[in-house]
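Okay, here's what each chain looks like letter by letter:
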Amino acid sequence: MAEIRPLGDRVLVKPIEQEERTKGGIVLPDTAKEKPQMGEVIAVGTGRLLENGQRVPLEVKVGDRIIYAKYGGTEVKLDGVEYLILRESDILAVHNEK
């Protein structure tokens, strides 16, 4: 895989596809599905740079499962795999599975 290193407050995310079903148990086809809003953090930038020159580290780390804004980020395809480059501000929450 080619290596991507996000800059600043950006994060590289691999979207997690989830099988969608209706309440009645019918599996929805790809054309009826909404874009995934959950993903796994693959790489993180160095953090946001403040006006005084200080760098604020990101709150997420590699391996975190996140929920992000529906239409946030830029889609990138590398070696046949789709990724998303998001700003930290487009990340809404970290999802801890139990």
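What counts as what
- Residues numbered from 1 in each chain as written.
- Predicted model: local features only at pLDDT ≥ 70, side-chain atom pairs only at ≥ 80, totals over all residues.
- Heavy atoms only, no water.
- UniProt positions renumbered as here; feature names shortened; annotations may be inferred.
- Helix = DSSP H or I, 4+ residues; strand = E, 2+ residues; numbered from the N terminus.
- Contact = heavy atoms within 4.5 Å.

Under an unreviewed UniProt entry, the protein chain has the name Co-chaperonin GroES and belongs to Geochorda subterranea. According to the UniProt record, the Subunit (unreviewed entry) comment for the protein chain is "Heptamer of 7 subunits arranged in a ring. Interacts with the chaperonin GroEL." Entered under Sequence similarities (unreviewed entry) in the UniProt record, the comment concerning the protein chain runs "Belongs to the GroES chaperonin family."

Unusually for a residue other than glycine, aspartate 79 sits at a positive phi of about 50°. Residue position: aspartate 79 is located in the loop between β6 (74-78) and β7 (81-87).

This part is about the environment of alanine 43. Among the secondary structure elements, alanine 43 is positioned in strand β2 (residues 38-44). Counting along the chain gives 20 residues from alanine 43 to glycine 63, while the straight-line C-alpha distance between them is 8.4 Å. Those residues in contact with alanine 43, other than ones at most four positions away along the chain, are Ile4, Pro6, Val11, Leu12 and Val62.

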